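One-letter residues, chain by chain:
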Amino acid sequence: MSAIIDRHLADLQTIFDDVSLTGDVETDLINMSRAFQKFQEKHQAVLVVGVGVQESFRKPNVSHAVEEIEINFKQNLLQYFAEMKKQHQIKETIDIEATKMEYNMVEFWVFYDSYTFQQS
């Protein structure tokens, strides 16, 4: 399991390396979403164990690996939204922190739904 987690954490640093940002918010979010979903599919073993196992049975390194996904994705989104706000691609009144959280939750549920659908 340790090797899987190490590979997972290494891949986590490169999730968006192949995403070319266009400056078009809709296109960029779709491309970021696809990259994120691809990462989650590749690493679903870590995610399922980290999220789907009862708290008392979780291993700290697995929980840390799952938490790092959320932290990394949130940081990337926050940077992206801040840049788009600076370029006036999104309204100044948009709460980028709240938007980032909402987008992150949608991404998680897309993965969760696709995983549970595969299992039934």
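Computed from a predicted model, the values in this text were never measured in an experiment.

Draft legend 1. Quick look at the packing of aromatic side chains. All chains considered together, the criterion is met by four aromatic pairs. Taking the centre distance of 6.0 Å and the plane angle of 55 degrees together, the rings of Tyr80 and Phe81 count as tilted. Residue Tyr80 is classed as buried on the basis of its relative accessible area, which comes to 5%. Take Phe81: its relative accessible area is 3%, and that puts it in the buried class.

Draft legend 2. Region of the structure containing the confidence of the model for the protein chain. Confidence in the prediction for the protein chain averages 78 pLDDT; 77% of positions are at 70 or higher. Summarising per-element confidence for the protein chain, the mean pLDDT is lowest in helix 3 (residues 44–52) (65) and highest in helix 2 (residues 25–42) (88).

Draft legend 3. Molecular detail of the pattern of salt bridges. A complete count under the given rule lists three salt bridges for this structure. A salt bridge links Lys42 to Asp11; the shortest N-O distance between them is 3.0 Å. Of this pair, Lys42 sits in helix 2 while Asp11 sits in helix 1 (residues 2–12), and the two are 31 residues apart along the sequence. Under the relative-accessibility criterion, Lys42 is labelled exposed at 60%. With its nearest N and O atoms 2.6 Å apart, the salt bridge here joins Lys100 to Glu97. Placement of both Lys100 and Glu97 in helix 5 (residues 96–119) is noted, with a separation of three residues, approximately one turn of the helix. The class of Lys100 is buried, set by a relative accessible area of 5%. Relative accessible area serves as the criterion here: at 38%, Glu97 is assigned to the partly exposed category.

The rules we used
Residues numbered from 1 in each chain as written. Predicted model: local features only at pLDDT ≥ 70, side-chain atom pairs only at ≥ 80, totals over all residues. Heavy atoms only, no water. Phe/Tyr/Trp six-rings, centres within 6.5 Å; stacked < 30°, edge-to-face > 60°. Buried < 20%, exposed > 50% of the residue type's maximum accessible area, 1.4 Å probe, protein only. pLDDT = per-residue confidence, 0-100. Helix = DSSP H or I, 4+ residues; strand = E, 2+ residues; numbered from the N terminus. Salt bridge = Lys/Arg side-chain N within 4 Å of Asp/Glu carboxyl O.

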